[in-house]
2 protein chains.
Amino acid sequence: MTTVINKLVIIGVGLIGGSFALALRRVGKVKHIVGIGRSTQNLHAAIELQVIDEIATDPARALHQADMVFLGMPVAQTAHTLEQIAPYLQANTIITDAGSTKQDVIAAARHHLPMANRHHFVPGHPIAGAELSGVKAAQADLYHNKHVILTPLAETSIDAVKRVEQLWQACGASVSHMSADEHDRILAITSHLPHILAFTMMNHIRHSTPEPEQLLRFAGSGLRDFTRIAGSSPEMWRDICLANRETLIKQIDAYRDELLVLQKLLHEKDGEALQQTFMSARALRGDWLKP
Amino acid sequence: MTTVINKLVIIGVGLIGGSFALALRRVGKVKHIVGIGRSTQNLHAAIELQVIDEIATDPARALHQADMVFLGMPVAQTAHTLEQIAPYLQANTIITDAGSTKQDVIAAARHHLPMANRHHFVPGHPIAGAELSGVKAAQADLYHNKHVILTPLAETSIDAVKRVEQLWQACGASVSHMSADEHDRILAITSHLPHILAFTMMNHIRHSTPEPEQLLRFAGSGLRDFTRIAGSSPEMWRDICLANRETLIKQIDAYRDELLVLQKLLHEKDGEALQQTFMSARALRGDWLKP
């Protein structure tokens with residue numbers, strides 16, 4: 001079995017889909033790439049940047065003899081997109097996605113894809129990205145040394161999982177498997193909550209003073225890096241928040257409680273406990289990022 | 001009046017004091033630098049790196065004919081340090097500091113310095129730094145294009161302020177003046193609160209699971225940058241928290257309320273308001289960092 005894809009259809013040719021295309025091209029794992037998307041301007045840029053070979057407007061033609069469909073649009077559009085392409089999907093076309101939440105994607109697949117297609121549906125999530133969006137931000141090495149999580153359905157065939165896994169590995173990523181439920185819980189903590197906290201930090205500043213710009217003149221690189229992820233796509237993060245809202249509501253509660261514990265130490269002027277708290281935080285981060 | 005310092009005494013030769021020394025040396029604004037500090041090993045490194053010319057153990061000798069004393073140790077040690085050096089300070093020696101909080105530094109100066117020395121006391125705070133500490137992290141360009149805030153006392157002489165200002169400008173920084181009270185309020189929002197949030201994020205992860213390392217395997221660059229400041233010195237941040245605790249307690253309340261507003265939008269599944277919230281946050285950040 002060759003792992004070279006003869007025809008790859010990318011729906012949503014942005015940072016994620018575009019980088020997938022560029023990475024596979026570089027290692028010769030794909031022959032022909034068809035792009036579908038909302039923005040004609042972005043698709044033309046994708047052609048110019050040689051990310052895709054062809055722009056498709058007719059899904060029937062695009063999906064004809066496609067080996068693989070890669071869903072790269074914001075996660076909330078997954079259901080609608082699956083509904084639209086379902087009539088034209090061939091039984092042997094592998095379908096995979098890169099959505100930041102997985103339970104909602106699987107629910108959409110269960111609703112819109114017949115069993116024959118679900119055998120070839122491999123939900124995935126590359127833990128990579130940037131606060132930039134659009135195909136112009138795409139990079140061939142975006143997935144290099146990054147993690148990709150696959151959350152296959154019970155009915156997904158082992159072969160389909162293997163092919164998707166091999167492609168991600170060809171992009172330089174390492175691949176893990178877990179349940180969609182576990183994925184969404186982990187990502188709520190490591191990604192979704194921090195995004196919410198960063199967005200909220202900027203809004204806190206905005207509400208602290210009638211002239212937030214004056215206050216920000218005196219902000220340094222600490223705040224800049226802390227809020228880098230607040231530069232992310234509001235649309236994308238609205239969708240992620242809605243898709244994973246129950247877990248996130250709990251996460252916000254837990255984080256607010258954790259802040260209350262620290263505030264109590266301030267009330268009590270407990271310098272020793274404050275230092276210990278900061279040391280534990282720093283130690284965990286140090287272990288995590290240890291080279 | 002020349003702005004060249006014949007003898008500069010740096011108490012606490014770490015990232016901040018060491019970078020001040022290196023920057024002034026590079027532009028030829030200082031002739032002789034004496035270092036005082038807790039760690040002999042660090043002071044020897046400072047000599048090796050040519051950050052200082054001489055290690056002093058006797059404050060009387062160190063302060064003899066000093067043009068300027070720069071306080072670079074953690075802010076909580078300011079009072080004790082001022083108490084120790086006060087007997088040896090000459091009336092014309094300028095004293096300045098780099099503490100991250102200013103009201104406590106001024107209270108310490110009022111308590112330990114006689115009026116003659118307070119005439120030459122210029123509290124300052126360079127908005128620059130890194131999560132690293134110690135003289136080995138010092139860089140000559142740390143203050144380049146950074147802000148320095150000076151919060152002179154009512155009794156500080158204009159000449160002393162001007163000399164300190166000129167030195168910071170020689171380091172490449174731009175200098176602003178404001179009251180210590182305003183400084184502490186602004187920095188609580190732009191710096192102290194984000195540090196607390198970053199430390200708290202790591203502790204939240206630590207308390208979320210018995211194996212936080214497993215969870216962090218799937219964390220990406222978003223969390224890494226968001227928590228960069230959680231790599232900062234626990235001792236320094238304990239001191240800053242205690243020095244600015246009343247303002248910080250209020251800031252934590254306000255931030256927790258802001259989180260509650262966002263959580264309410266999740267409860268209500270209000271996608272439009274969520275997106276609007278994220279857009280406002282992103283817009284403010286974009287305006288701030290606009291080149």
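Owing to the predicted nature of the structure, the values given are computational and were not obtained by experimental measurement. (Residues numbered from 1 in each chain as written. Chains lettered and ligands numbered in written order. Predicted model: local features only at pLDDT ≥ 70, side-chain atom pairs only at ≥ 80, totals over all residues.)

Asker: Describe the overall build of chain A, naming the residues involved and giving the relevant values.
Answerer: Assigned secondary structure in chain A consists of 13 helices and 9 strands. Relative to its length of 291 residues, chain A is compact, with a C-alpha radius of gyration of 21 Å against a globular reference of 19 Å. Each principal axis of the C-alpha distribution contributes one length, and for chain A these read about 70 × 40 × 35 Å. Taking all 291 residues of chain A together, the buried fraction comes to 55%. Counting only contacts in chain A whose residues sit at least 6 apart along the sequence, the fraction spanning at least 24 positions is 79%. (Helix = DSSP H or I, 4+ residues; strand = E, 2+ residues; numbered from the N terminus. Rg over C-alpha atoms; globule rule 2.2 N^0.38 Å. Buried ≥ 20, exposed ≤ 12 C-beta atoms within 10 Å, placed from the backbone. Contact = placed C-beta atoms within 7 Å.)

Asker: Break down helix H7 (residues 158-170) of chain A for me, citing the residues and quoting the values.
Answerer: Since one α-helical turn is 3.6 residues long, residues separated by three or four positions face the same way. All names here are of chain A. The end-to-end C-alpha separation of H7 is 18 Å, in line with the 18 Å expected for 13 residues at 1.5 Å each. Taken together, the buried positions of H7 are occupied by Ala160, Val161, Arg163, Val164, Glu165, Leu167 and Trp168. Along its buried surface, H7 packs onto helix H1 (15-26), strand E5 (94-97), strand E6 (121-122), strand E7 (124-126), strand E8 (147-150) and strand E9 (174-177). A positive backbone phi angle near 100 degrees is found at Gly172, which sits one or two residues after H7. (Expected span 1.5 Å × (residues − 1).)

Asker: Summarise the domain arrangement of chain A; cite the residues concerned and give the values.
Answerer: All names here are of chain A. Annotation of chain A at the domain level lists domain 1 (5-178) and domain 2 (182-289). Taking the mean C-alpha position of each, domain 1 and domain 2 sit 31 Å from one another. Listed as interface residues are 14 residues of domain 1 and, on the opposing side, 16 residues of domain 2. Of the residues in the side of domain 1 that touches domain 2, the class split is 5 nonpolar, 6 polar and 3 charged. (Domains from an automatic or database assignment. Nonpolar A, V, L, I, M, F, W, Y, C, P; charged D, E, K, R; others polar.)

Asker: So what's going on with the nonpolar core? Which residues, and what values?
Answerer: Val9, Ile10 and Val69 of chain A together with Val9, Ile10 and Val69 of chain B are the most contacted members of the largest nonpolar core, which totals 190 residues. Once you skip the residues sitting within four places of it in the chain, Val69 of chain A turns out to touch Val9, Ile11, Leu63, Ile85, Thr93 and Ile95 of chain A. (Core = buried A, V, L, I, M, F, W, Y, C linked by C-beta atoms within 7 Å.)

Asker: So what's going on with the relation of the copies chain B and chain A? Which residues, and what values?
Answerer: Overlay of chain B on chain A (RMSD 0.0 Å): rotation 180 degrees, translation along the axis 0.0 Å. What the rotation and shift describe, once combined, is the action of a two-fold rotation axis. Scanning chain B for the C-alpha nearest the rotation axis identifies Phe226 of chain B, at a separation of 2.0 Å. Of the residues that chain B buries at the interface, 100% are likewise interface residues in chain A, meaning the two copies contact each other through the same surface. (Least-squares fit on C-alpha atoms with pLDDT ≥ 70 in both.)

Asker: Before we move on, can you summarise the pairing of strand E2 (residues 30-36) of chain A with the specific residues and values?
Answerer: All names here are of chain A. With 5 of 7 residues buried, E2 is to be regarded as a mostly interior element. Assessed by its sense of winding, the connection that carries the chain from strand E1 (residues 5-11) through H1 to E2 is right-handed. Direction of pairing for E2 relative to strand E3 (residues 54-55): parallel, over a ladder of 2 bridges. Across the sheet, the residue bridging to Val34 is Glu54, located in E3. For the handedness criterion, the β-α-β arrangement of E2, helix H2 (residues 40-48) and E3 is classed as right-handed. (Right-handed = clockwise from strand over helix to strand, strands pointing away. Pairing = 2+ DSSP bridges.)

Asker: So what's going on with the sheet that holds strand E9 (residues 174-177) of chain B? Which residues, and what values?
Answerer: All names here are of chain B. As summarised here, the arrangement of the 3 strands in space is E7-E8-E9, forming an open sheet in which the pairing is mixed. At either end of the open sheet lies a strand with only one pairing partner, and these are strand E7 (124-126) and E9. The sheet shows a mean angle of 20 degrees between the axes of neighbouring strands, taken without regard to direction. Against the sheet, helix H7 (residues 158-170) touches E7, strand E8 (147-150) and E9, its axis set at about 170 degrees to E8. (Axes fitted to C-alpha atoms, helices over the stretch in contact; angles between N-to-C directions.)

Asker: Now, about helix H8 (residues 180-208) of chain A: what can you tell me, with residues and values included?
Answerer: Taking 1.5 Å of rise per residue, 29 residues should cover 42 Å, and H8 of chain A covers 39 Å from first to last C-alpha, within 8% of that figure. Within H8 of chain A, 25 of the 29 residues are buried, leaving the element largely enclosed by the surrounding structure.

Asker: Break down the interface of chain B and chain A for me, citing the residues and quoting the values.
Answerer: It is common to give the size of an interface as the accessible area that goes away when the parts come together. Each side of the interface is counted separately: chain B has 76 residues, and chain A has 76 residues. Put simply, the parts of the chain that give the side of chain B that touches chain A at least two residues each are E8, helix H8 (180-208), helix H9 (212-216), helix H10 (221-226), helix H11 (234-243), helix H12 (245-267) and helix H13 (271-289) of chain B. Of the residues in the side of chain B that touches chain A, the class split is 41 nonpolar, 20 polar and 15 charged.

Asker: Which residues make up the environment of Leu262 of chain A, and what are the values?
Answerer: Checked against the element boundaries, Leu262 of chain A lands in helix H12 (residues 245-267). Residues Leu262 of chain A and Leu187 of chain A lie 75 residues apart in sequence; the distance between their C-alpha atoms is 24 Å. In this structure Leu262 of chain A touches Thr277 of chain A together with Ile196 and Thr200 of chain B, once residues within four positions along its chain are discounted.

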